[in-house]
Every structure is written in C-alpha cells, then in structure tokens.
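Read off the chains here:
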Amino acid sequence: MAGPGLILFFVVFSALRDVYFRDVLHALDFFEVIIIAFSICTLVFMGVAVARGSRSLALLRADMRIVVAMNVATAVTWISYFLALKHLEPAAVNTLFTGIGSLVIVTLTAIGLPIAAPSRVSRGEAWCLGGIGFSLALLAWGAISGKLGTPPISSTLAAAGVLLALFAGTTITISMLFTKRLHDQGVTADAVLATRFIGIVIIAIAIECTDGSMSVTSVDQGATLAVAAFALIVLPIYAMQLGIARTTPLTAKVIASLGPVILFGLQMLDDAIAYSGFTLMCVLLYAGFAVAANVMRARASLRGELDIQGGPAETGEAALAGRSRSRAEDEQ
C-alpha cells in the first residue's frame, strides 16, 4: 500500500497547497510568495541532485536550450495558475487545470506532436474524453455566469480566471515535452526539479526589484511561508515521484483523477473560501469521466489494443513522476 498511499499524499497535500496559497495570495504580494515558495523547492532538490552526483547536472549544462524552454513553460504555468486562484474557487481552478491536460495530449497526438508514444484512443475512451470536455465547458460557463462559490466578480475577471487555469494546464502539459527529453537523455527527476523553477524565481525577483515595497514584513512570516512551501510543494512532488515507482499506472491515474473532489472537500473546511453545489456537480462529473477513461485505456492496454502511456489525468507533476518511474526504481 506504500505506492497508493504516497500518491494519495501527493493529491491531498496538493489540495492543501491550493487552499492555503489562495488565502496567502489574498493577503501578501503575489511575487513575494512565488520567490519564497519556489526558492525553497529549488534549494531542496538541488541539494538532493548534488548529493546523488554531478552526472545529471552535467547533462543539463550540455543542453541549456531545453532547460531554458522548460523554465519558461514552468514559469508561465505557475504564474497563470496562482493568478487564477485569486479569482476562482480552488476546486474549479484545479479541475480546469487538470482536465485540459488530457485533451491537450490527445490534440497534440492528433496533429503529430505526441508527448508520449503515439497511441490510438478507443471509442469508449473518446466518449469519456468528450465528457471531460463537457464538464470543463460547463464549469467555465458557471464561472462566467456567476454560479461558482467565489465572491461576486465581473464576468471579465471570471473569464480571465478560467482562461488562466486552462492556459496553465496547457503549458504544463507542453512542458512535459521538454522534461521527457531530458529524462530520455539520462537526467534524473531530482536534477530536473532542481532547475525547472529557477526561471520563475528570477522573474519574480526582477519584478519585486521594480516594486520597492514588501508585504512580507517579518521573519516569522517568511519562515511560515518557507515551511508551507516545503510541506505543500516540495514533499508532495517527491511523494509522487516515489509513489509512481511503487504502484501501477492505472492506480496512480485514478487517484490523481480524484484530486479535484478532495480539494472541494478541503475548501469546504475553510471559512474564507465560498463554494457552490454547481462547482461540486462539475467536479464530480469531471472525476467520473476521468476515472472511466483511465479504466477503459487500461482495459484496452491489457487486450493489446493500445499503449497505456499518455492517459487522462497524466499531467503536471504526475506526468513528470511517471516519466521517471523506471529511473526511480533503479536508483532505489
């Protein structure tokens, strides 16, 4: 049960991350939060990468174009995601972010740019992917028409939040192209995670240097953010990396598909976050279609009809961990 337990840890703590940082982003400066959170993540994984040896870091230095492209995609992703959290319910943002990934994978494969090995989509899985698209469209319509639990905001701001969440889900999926290429060259997941957030930290520092004001005004505030970043960003990423090496791809993907449902439950416990039944309906609709699509892909794989790679819910950190599954098994 270690594998599924670690995957569940990733899902739950990622949900806690969204709830916590949504509150933080309403109280503190956006880019100061980014600097503290992702600097901690970079330092921790850099320490792990250096401790394991310099081979992966040397490979990264030899292919700096891919490293830069990965950093740009990562920076765009997380800036867009955190900005979306300022306007919409965390569960809605996470559903849009996660759900669009599977549709992007299918689209890129259809136009000849597959992220994983090309594979056919069965008729049943295609219907489920259509259901995922419908649930995301319904959620977007609900946000723009004011049916979500967020405080009343203009339809323009709501639409911006929706677009930012979808854009973040698209760019994190495209960034998999770069991380996969690095893994194929022999770079470990630790080294990738040590270098993929450098760009966003540099951007945030540059913006803060032109700002001239500080919202984090005490050591206690900074220390609290650092601990939160370690517990809610660093540990979940590493837990997913370890968990994916100890369980089947289907189990990992099904648990990851339930992330928005868990997030909705957690945000209900936060008095500062409003929620709505409409959001819950869309989240459950998405989760049901995502689980069904993964099950159908696994059944087709067992029958030898298609490769299991690239299934729904394999986006973001889950995808990065999945790419390093065999490597993690070797290292451990």
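Because the structure is predicted, anything quoted here is derived from the model rather than measured.

1. Looking at the overall build of the protein chain
Right, on to step 1. If you tally the helices and strands in the protein chain, you get 15 helices and zero strands.
Right, on to step 2. Across the 332 residues that make up the protein chain, the buried fraction comes to 52%.
Right, on to step 3. Partitioning the contacts of the protein chain with sequence separation of at least 6, the portion at a separation of at least 24 is 86%.
Right, on to step 4. A total of about 13,700 Å² of accessible surface is found on the protein chain, and carbon and sulfur atoms cover 68% of it.

2. Observations regarding the layout of surface pockets
In this approach the atoms are scanned with a rolling probe the size of a water molecule, which exposes any empty space left behind.
Right, on to step 1. If you add up the space inside the second largest pocket, you get close to 170 Å³.
Right, on to step 2. What lines the second largest pocket is Leu57, Leu60, Arg61, Met64, Val67, Val68, Asn71, Thr195 and Ile198.
Right, on to step 3. Among the elements that make up the lining of the second largest pocket, the one with the highest residue count is helix H4 (residues 64–85) (four residues).
Right, on to step 4. Tallied by class, the residues present in the lining of the second largest pocket amount to six nonpolar, two polar and one charged.

3. What about the packing of aromatic side chains?
Right, on to step 1. In the structure shown here, the tally under the stated rule is 12 aromatic pairs.
Right, on to step 2. Between Tyr20 and Phe21, the ring centres sit 5.2 Å apart and the planes meet at 85°, which makes this aromatic pair edge-to-face.
Right, on to step 3. With relative accessibility at 26%, the residue Tyr20 sits in the partly exposed group.
Right, on to step 4. Taken together through their ring pairs, the aromatic side chains of Tyr20, Phe21, Phe38, Trp78, Tyr81, Phe82, Phe97 and Phe197 make up a single cluster.

4. Quick look at the side chain of Asn71
Right, on to step 1. Structurally, the position occupied by Asn71 is in helix H4.
Right, on to step 2. For Asn71, a relative accessible area of 8% gives the class buried.
Right, on to step 3. Reaching out from Asn71, the side chain makes a polar contact with the backbone oxygen of Val67 at a distance of 2.8 Å.
Right, on to step 4. Excluding anything up to four places from it in sequence, Asn71 contacts Thr195, Arg196, Phe197, Ile198 and Gly199.

5. Quick notes on the nonpolar core
Right, on to step 1. Of all hydrophobic cores here, the largest spans 70 residues; its most connected members are Ile34, Phe38, Phe82 and Ile200.
Right, on to step 2. The leading source of residues in this core is helix H2 (residues 30–52), at 11 residues.
Right, on to step 3. Among all residues touching Ile200, those that are not within four sequence positions of it are Ile34, Phe38, Ala75, Trp78 and Ile79.

6. Side note on the packing of helix H1 (residues 2–27) against H2
Right, on to step 1. Across the interface, H1 lies against H2 with an axial gap of 8 Å and an inter-helix angle of 135°. Considering the angle they form, H1 stands oblique to H2. Contacts from Phe21, Val24 and Leu25 in H1 reach Phe30, Val33 and Ala37 in H2.

7. Looking at helix H7 (residues 155–184)
Right, on to step 1. The end-to-end C-alpha distance of H7, which contains 30 residues, comes to 44 Å, matching closely the 44 Å that a straight helix rising 1.5 Å per residue would cover.
Right, on to step 2. Gly186 sits one or two positions beyond H7 and adopts a positive phi of about 105°.

Conventions we followed
- Residues numbered from 1 in each chain as written.
- Predicted model: local features only at pLDDT ≥ 70, side-chain atom pairs only at ≥ 80, totals over all residues.
- Heavy atoms only, no water.
- Helix = DSSP H or I, 4+ residues; strand = E, 2+ residues; numbered from the N terminus.
- Buried < 20%, exposed > 50% of the residue type's maximum accessible area, 1.4 Å probe, protein only.
- Contact = heavy atoms within 4.5 Å.
- Areas by Shrake-Rupley, 256 points an atom, 1.4 Å probe, with all protein chains shown as cover.
- 1 Å grid on protein atoms, 1.4 Å probe; cavity = no way out; pocket = protein on both sides within 12 Å on 5 of 7 lines; lining within 4 Å.
- Points joined across faces, edges and corners; volume = space filled by probe spheres on them.
- Nonpolar A, V, L, I, M, F, W, Y, C, P; charged D, E, K, R; others polar.
- Phe/Tyr/Trp six-rings, centres within 6.5 Å; stacked < 30°, edge-to-face > 60°.
- Polar contact = N/O pair within 3.5 Å; in protein donor to acceptor, adjacent residues only side chain to side chain.
- Core = buried A, V, L, I, M, F, W, Y, C linked by side-chain atoms within 4.5 Å.
- Axes fitted to C-alpha atoms, helices over the stretch in contact; angles between N-to-C directions.
- Parallel < 35°, antiparallel > 145°, perpendicular 65-115°, else oblique.
- Expected span 1.5 Å × (residues − 1).

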